[in-house]
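Residue-level structural notes
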Amino acid sequence: MKVLFLDQSGQLGGAELSLTDVAKHFRDQGLVYLFEDGPFAAKLTAERVPCKVLQRPRLSISKDSGLLQGLLSIRQLLPLVGEVVKTAQTYDVIYANTQKALVVGAIASILARKPLVYHLRDILSAEHFSQMNRRVAITLANMCATLVIANSQATRQAFMDAGGSPQRIKVVYNGFEPDQYQGQPPLRTVLQQQHAIQEGFWIGHFSRFSPWKGQHVLVDALQYLGEEAQVLLVGKALFGEDDYVQFLQAKMQDYGLQDRVHFLGFRSDIPALMASCDLVAHTSTSPEPFGRVIIEAMLAGCPVVAAKAGGVTELIEHGKTGWLCPPNNPQKLAQMIGECQRQPQLRQQIADQARVQASQTFSLEHTNQTISGLLQQHVRRSTSS
Ligand code: UDP
């Protein structure tokens, strides 16, 4: 089966890393069309996944920018539609991975008479999107997509709450290759030298910088923790939120925490970094659709404390495979981190249980087989109708 994937971003966010894993499975028969050049195209090429950056006038696309903005720039999107329609003639299905890809994919699917699949990786709630954005996404999905793949039950529920059709949505969790996360040599000595991190209790935070990802909640929590607690912030502002990085740096200065908060930038050695931490903290202040970093930490053998909202509650069983903390509550977070710090045996036990659970439940092989089966079913259905 030939799949034409569409994604609006040139950056490596979770949606793009997950799509890479799906597209690898279809690398002999698939093509990824991107609306922007950048590290994502480089990663696909390195993974031998055919990809092409669509030629178009410069569009200021950011991950969280409005769909309305996307629609208003319809004149810029139209050339993309034309090219997608032309290419789609030799493909069985169009697979939209982001919201602007849905806009282009929906129009192209009608013109090319090809089925459209929408991989929904966002919680379509008022906390994340304007009413107009939600309405456009739901209308296009209901009208044009034969299948919507949600990355969690929380994502599926929000889709239906916003008016999405329950008949066409299926939940498929992100998949991972456990081998890639296990047996990683810890980088503690190297990190101590390169980033002047003191020995102690290392709390890793792995995420793009964005206010709702809540790096500030962890910095606030650090005030309540002893000197040995060190925070490693891994990631960068992928979608233009540089003001937030400045805000964090000012906060660190105000609290006098410059020596205990370390910015490591965007990294591609996530498993080894996670294996070097004593704890991974996930601190999103709005419901997380899935939370790849949580499963990655589990597979790397690092215990996780995560914000109790959205898809996260489907990934962690509190007190058994990690800890769930009320979102946006630095005091409570500090208290949970402190308890975790004082109990190394419990930490190890939780990490061991989480590793087994994550390896069994979130295998990439299973995810790709499920997606492949769903695509075949929907393509068959659309050719026979
Ligand atoms: N990530 C990375 N390098 C970094 C920071 C994050 O490769 O420096 C990866 C991380 O390992 C995870 C993804 O980015 O696979 C983030 O996915 P998640 O679902 O946690 O959040 P999203 O970006 O989709 O909101």
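No experiment lies behind these values; they were computed from the predicted model shown.

**A short note on the overall build of the protein chain**
- Summing up its helical and strand segments, the protein chain has 16 helices and 13 strands in all.
- The globule rule puts the C-alpha radius of gyration for 385 residues at 21 Å, and the 21 Å found for the protein chain is close to it.
- Dimensions of the protein chain, computed from the C-alpha atoms along their principal axes, are close to 65 × 40 × 40 Å.
- Considering the protein chain as a whole, with its 385 residues, one finds that 58% of them fall into the buried category.
- Accessible area of the protein chain: about 15,900 Å², with a carbon and sulfur share of 49%.
- In the protein chain, 36 side chains carry a positive charge and 33 a negative one; their mean positions are 9 Å apart.

**Describing the pairing of strand 8 (residues 201-206)**
- For strand 8, the buried fraction is high: 6 of the 6 residues fall into the buried class.
- Every second residue of strand 8 is oriented toward a common face, with Phe-201, Ile-203 and His-205 on one face and Trp-202, Gly-204 and Phe-206 on the other, all of them buried.
- Of the strand pairs in this sheet, strand 8 and strand 9 (residues 229-234) are connected by 6 bridges, and their pairing is parallel. Looking at strand 9, one finds that Ile-203 is bridged to Val-231.
- Between strand 8 and its parallel partner strand 9, the chain crosses via helix 9 (residues 215-222), and the hand of that crossover is right-handed.
- Judged from the 2 bridges that link them, strand 8 and strand 11 (residues 279-282) form a sheet pairing that is parallel. Pairing of Gly-204 across the sheet is with Val-280, part of strand 11.

**Looking at the sheet that holds strand 3 (residues 51-53)**
- The 7 strands lie next to each other as 3-2-1-4-5-6-7, forming an open sheet whose pairing is parallel. Looking at the sheet topology across the chains shown, the edges are occupied by strand 3 and strand 7 (169-171). Going from strand to strand, the sheet's axes swing by 20° on average, the running direction of each strand aside.
- As defined by bridge partners, strand 2 (residues 30-34) adjoins strand 3 across 3 bridges and the pair is classed as parallel.

**Some points on helix 9**
- Within helix 9, 8 of the 8 residues are buried, which leaves it mostly tucked inside the rest of the structure.
- The set of residues buried in helix 9 consists of Gln-215, His-216, Val-217, Leu-218, Val-219, Asp-220, Ala-221 and Leu-222.
- The inward-facing, buried residues of helix 9 contact strand 8, strand 9, helix 10 (242-255), strand 10 (261-265), strand 11 and helix 14 (330-342).

**With respect to the site of the ligand**
- Neighbouring the ligand are 16 residues; Gly-14, Lys-213, Arg-267, Arg-292 and Glu-296 lie closest to it.
- Contacts to the ligand include Lys-213, whose side-chain N or O atom sits 2.7 Å from an oxygen atom.
- Within the backbone of Val-293, an N or O atom sits 3.4 Å from an oxygen atom of the ligand.
- Coverage of the ligand by the protein amounts to 89% of the 550 Å² it exposes when considered alone.
- Going through the elements one at a time, helix 1 (14-25) and helix 12 (292-300) are the ones with two or more residues in the shell around the ligand.
- Its residues assigned to classes, the shell around the ligand shows 6 nonpolar, 4 polar and 6 charged.

**What about the sheet that holds strand 8?**
- Pairing is parallel across the open sheet formed by 6 strands, whose spatial order is 10-9-8-11-12-13. Sheet topology places strand 10 and strand 13 (323-325) at the edges, where each strand pairs with a single neighbour. Each strand of the sheet is rotated relative to its neighbour by a mean of 25°, with strand direction disregarded.
- On the sheet, helix 8 (residues 188-195) packs against strand 8, strand 9 and strand 10 and is oriented at approximately 100° with respect to strand 10.
- Across the sheet, helix 9 is in contact with strand 8, strand 9, strand 10 and strand 11; its angle to strand 9 comes to roughly 170°.

What counts, and where the lines are drawn
Residues numbered from 1 in each chain as written. Predicted model: local features only at pLDDT ≥ 70, side-chain atom pairs only at ≥ 80, totals over all residues. Heavy atoms only, no water. Helix = DSSP H or I, 4+ residues; strand = E, 2+ residues; numbered from the N terminus. Rg over C-alpha atoms; globule rule 2.2 N^0.38 Å. Buried < 20%, exposed > 50% of the residue type's maximum accessible area, 1.4 Å probe, protein only. Areas by Shrake-Rupley, 256 points an atom, 1.4 Å probe, with all protein chains shown as cover. Lys, Arg positive; Asp, Glu negative; His and termini not counted. Charge placed at Lys NZ, Arg CZ, Asp CG, Glu CD. Pairing = 2+ DSSP bridges. Right-handed = clockwise from strand over helix to strand, strands pointing away. Axes fitted to C-alpha atoms, helices over the stretch in contact; angles between N-to-C directions. Contact = heavy atoms within 4.5 Å. Near = heavy atom within 4 Å. Polar contact = N/O pair within 3.5 Å; in protein donor to acceptor, adjacent residues only side chain to side chain. Nonpolar A, V, L, I, M, F, W, Y, C, P; charged D, E, K, R; others polar.

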